[in-house]
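# Residue-level structural notes
The primary structure of each chain is shown beneath.
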Amino acid sequence: MSFGQQGGPQSQWDPWKPQSQQPWNSGGGTSPDWAALAEASEARNKRRRLLLIGGGAFATVAIGTAVAVAVVSAGGDNQGNPTSLPSAEIPSQSASAPSFAPTSAPPPLDPKDFIASAKKDKAPLSPDTFFPGTQLTEAGTTYKKGPTADTRNCAAAVGGTLPKILTANGCTRLIRATYVRDGIAVTVGLAVFDTEAQAAKAKGQSTKKSFVKSLSGGGVKPFCESGFCRTTSNSYGRYAYFTNAGFTNGENVTPKDTPVYKTGDDLAQFTFDQIRRRGEVQASAAANE
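Within each chain, residues carry numbers counting from 1 in the order of the written sequence. Only residues with pLDDT of at least 70 are given local features in this predicted model, and only at 80 or more are side-chain atom pairs given and counted; all residues enter the totals for whole chains, interfaces and linings. Only hydrogens and water are removed before side-chain values are computed, so all heavy atoms of the structure are retained for them.

With that settled, consider the confidence of the model for the protein. A residue-level look at the protein finds 63% of positions with pLDDT of 70 or above and a mean pLDDT of 80. Ignoring residues within four places in sequence, the model shows residues 1-11, a span with pLDDT below 50, making two contacts including any to other chains. Note on residues 19-30: pLDDT is under 50 here. Beyond four places in sequence and across chains, it has nine contacts. A score between 0 and 100, pLDDT records how confident the predictor is in each residue. Should any heavy atoms of two residues lie within 4.5 Å, those residues are considered in contact.

The disulfide criterion is simple: two cysteine sulfur atoms within 2.5 Å. Taken as a whole and judged by the stated rule, the model has two disulfides. Residue pairing for Cys-154: its cysteine sulfur links by disulfide to Cys-171, the two sulfurs lying 2.1 Å apart. When the S-S torsion is -75 degrees, as for the bridge of Cys-154 with Cys-171, the disulfide is left-handed. In this pair, Cys-154 sits in the loop between β2 (141-151) and β3 (158-160) while Cys-171 sits in the loop between α4 (162-168) and β4 (173-181), placing the two residues 17 residues apart along the sequence. The way it works is that DSSP assigns letters per residue, a run of H or I at least four long becomes a helix, a run of E at least two long becomes a strand, and they are numbered from the N terminus.

Strand pairing is assigned whenever DSSP identifies at least 2 bridges connecting the two strands. Bridging between strand β7 (residues 230-236) and strand β8 (residues 239-247) involves seven bridges; their strand directions are antiparallel. For Tyr-236, the partnering residue across the bridge sits in β8 and is Tyr-239. Once β7 ends, the chain turns through two residues before running back antiparallel as β8, passing Gly-237 with a positive phi of about 65 degrees.

Put into C-alpha cells, the structure is as follows:
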C-alpha cells in the first residue's frame, strides 16, 4: 500500500543546514535517526580538530619565517644598509660617570734621610752599636773582634793628612774597632759629621797619605805602625769611614797580598751595611708612629 506525497517531495533534512527541516508526522510517523545525528556530530568535531591543528602549524611556520627574516636583516653584509632604528642620544661617560679627586699614597720614607744629618739621626751611637758582638762574618769569612775606641778628638785618632781634613770639615766624633784573622789585622775608623756634605767633602779630600791609626791591645799585636799597609776611605750619609789593614808581624803589604786587601774590603763593606741599617731602622720606626 502506498501513500501519496502531500505538498511536494519530501525535504532532505540536514542538521547543519539552517534551511533544512526534519519532517515530522504528529500522527505516528517515523522517529528521528539518532545514529545519523551522532555520526554528524562526530564529523563536525573531527573537522574542528583538523582546522585547529592546521592553523597552529601555519602559525608556527609564519613565526619561524618572521624570525629568520629578522636574523638575516640584522646580520647581513657588513657593507649593507644598516637596519633602520630610532635614533637616541647616549650621554657621554664624562657626563654620567661620577668624578673623584685624584689621590696617591704617601711616598715611603727614605732611610738615607735619617742618616744624612744629625737633626734626624737620633739613634744611639757607640762602638757597640756599630760593631756589636765578639766577631763578625762578612763574605763568608769570620773575623774576631779586638779592641775598640771612641773619641771626640778626631785628629788624635788618625794620621798623615787626615787630621787636618777631619778638623776642617767639622768631625765631631771618631769610633774605631779592630778585627783579626790568620795574622792579618784591620782597624776601621768611623768619622761622624753633622751633615752628609761634610762627610762627602772629607772623603773627597783624603789621599793615600790619609789613614786611621791602627788600634792594638787585648791580644792583638801592634801592626801598621811603620812600613806599608793597605788603606781605604769612603762615606755614606753623615759618616766617613776608613780602614787600615796589614800583617801583625810587621811585614809590608804588597799588591800580591790579596788576603790583606780582602780583609780591608770586608770591613769597609760591613761598616757601610751598618750605616745603611741604622737608617732603615729609624725610617721603619718613624713610619709606624
